[in-house]
Amino acid sequence: MYPWLNEQTRQLTGLIAQRQLGHALLLKGIEGLGKRELGLQLAQALLCQHTSDGENKVPPQAEVAVPCGHCHACQLVVAGNHSDLHIIRTDQRSISVDTIRQLTQVLSESARLGHGKVAVIEQAEKMTEAAANALLKTLEEPAGQSNLLLISSQPDRLLPTIRSRCQQWLLPVPDAALVLDWLAGQGLGTAGAQANLSALNVNQGSPLNTRDYLAAGTDQRRQQLLQQFAQLRQQPQLLTRVQAGLLEQPVHLLWLQLLLQDALQLALGLSSASLRLVDSEPLCRGVSELGAPRLTLALDGLAQLRRTLQSGTGRPVNPGLQLTQWLNDWLIH
Ligand SMILES: [Zn+2]
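Fair warning: this is a prediction, and the values are worked out from it, not measured in the lab.

Next up on the list: the environment of Leu-40. With respect to the element layout, Leu-40 can be found in helix H2 (residues 35-47). Look at Leu-40 and you get partly exposed, because its relative accessible area is 36%. Sequence separation of Leu-40 and Gln-224 is 184 residues, and the distance between their C-alpha atoms is 39 Å. Residue contacts for Leu-40: discarding those within four places in its chain leaves Val-77, Leu-85 and Ile-87.

What the 5 strands build is an open sheet, ordered S2-S3-S4-S1-S5; its pairing is parallel. Each of the sheet's edge strands pairs with one partner strand only, and the pair in question is strand S2 (85-88) and strand S5 (167-170). In this sheet, adjacent strand axes meet at a mean angle of 15 degrees when their direction is disregarded. Two strands pair when backbone bridges link them, and S2 and strand S3 (residues 117-121) are joined in this way by 4 bridges, in the parallel orientation. Note that in S3 the partner of Leu-85 across the bridge is Val-118. Packing against the sheet, H2 makes contact with strand S1 (24-28), S2, S3 and strand S4 (146-152), and its axis sits at approximately 170 degrees to S4. Most of the contacts of helix H6 (residues 129-140) go to S4, to which it runs at about 130 degrees, and overall it touches S1, S3 and S4.

Let us now look at the side chain of Glu-122. Among the secondary structure elements, Glu-122 is positioned in the loop between S3 and H6. Within polar-contact distance, the side chain of Glu-122 engages the side chain of Arg-36 at 3.0 Å. With sequence-adjacent residues up to four places away left out, Glu-122 is seen in contact with Arg-36, Ile-87, Ile-88, Arg-89, Ile-95 and Ile-151.

This paragraph deals with the coordination of the zinc ion. Every protein donor of the zinc ion is accounted for by Cys-48 (SG), Cys-68 (SG), Cys-71 (SG) and Cys-74 (SG), and the metal-donor separations fall at 2.3 to 2.4 Å. What the 4 donor atoms of the zinc ion show is an angle range of 105 to 116 degrees at the metal, which sorts the shape as tetrahedral. Along the chain, the residues donating to the zinc ion are arranged with the sequence spacing C-x19-C-x2-C-x2-C. Of the two residues examined, Cys-68 and Cys-74, each falls in the buried class.

Rules behind the numbers
Residue numbering note: each chain is counted from 1, following its sequence as written. pLDDT decides what is reported in this predicted model: residues at 70 or higher carry local features, side-chain atom pairs at 80 or more are listed and counted, and totals for whole chains, interfaces and linings draw on all residues regardless. Each side-chain value is derived from all of the structure's non-hydrogen atoms; neither hydrogens nor water enter the calculation. The helix count covers DSSP runs of H or I at least four residues long, the strand count covers runs of E at least two residues long, and both are numbered beginning at the N terminus. Burial classes follow relative accessibility: with a 1.4 Å probe on protein chains only, a residue under 20% of its type's maximum area counts as buried, one over 50% as exposed, and anything between as partly exposed. In this description, contact between two residues means that some pair of their heavy atoms is separated by no more than 4.5 Å. At least two bridges found by DSSP between two strands are what make those strands a pair. A fitted line through C-alpha atoms represents every axis, and for helices the fit uses only the stretch in contact; the resulting angles, taken between N-to-C directions, go from 0 to 180 degrees. For this analysis, a polar contact is any N or O atom pair within 3.5 Å, provided that within protein one partner can donate a hydrogen and the other can accept it, and provided that sequence-adjacent residues contribute only side-chain to side-chain pairs. Water is not part of the atom set, so a site may look incomplete; the donors themselves are N, O and S atoms within 2.8 Å of the metal, or 3.2 Å for Na, K and Ca. A site with four donors is called tetrahedral when every donor-metal-donor angle falls between 85 and 135 degrees; four donors are called square planar, and six octahedral, when opposite donors sit more than 155 degrees apart and all other angles fall between 65 and 115; any other arrangement is irregular.

Shown next, in the form of structure tokens:
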């Protein structure tokens, strides 16, 4: 298990060993924490013969690890072959009502191995309203000995009735020092501690997203794009390149927002210790010379632009046009 999840894993498997975990658990936390791996570990703990056999209930203070990793059930889960473990995972935009109906049907049948059944629903917020409603009854009155694990990084998008029927467990954003150590251990510390801390901030503290970001070389792209943006007022011929770069990925506008926020901090005379892009201080300092009122205005416009682009509903949006307007304002005023 990932080091930042050790304590949470210990607590949750402890609850399972003592039969104190509710039959429906909602595991929530930002993207890229390892919720999927933790969910699988919990499913294994629930199916492990040391916890699921009535006679073998683990006594308090027992030294038996849960899951044990050795029993038949544990081996089947690890091999991805346990017939009483059902995982809903999709790349589609939504989880359909048919998928959930099939699941609830399977859960109502008796367990093949006789140790209960476990269903894991990843990205549970993708359930359509009909799918969520189809799950409600099972959440309320679980059939036989079944457990449901719902996993979500956007729990606010779940129906309140789903949330209220689950035991909710929030995984916190891990301590930065712990994640930075782990990243270095993955061979990703080569650009130095400051660059890694910036990368972690850019990825809002998410360890796995930061790992993927660094491994893909995306940090170089971020530095290049922000560098070009910072030169834009002196070199307007960069406009087309900057605009195309900012439109490549929605997250590129977040990079820009972080740069402007850091610049605003400096313009307000605040300490550079609180900068998010710790490896780009000279760049932020250059931009900060525009002064706080100008930067505040730009940040307001940018926040509005990001909201319009994210909402995805309502009137059609031409992101290029809106960004052009924002960049023109940036150049002129
Ligand atoms: Zn076991």
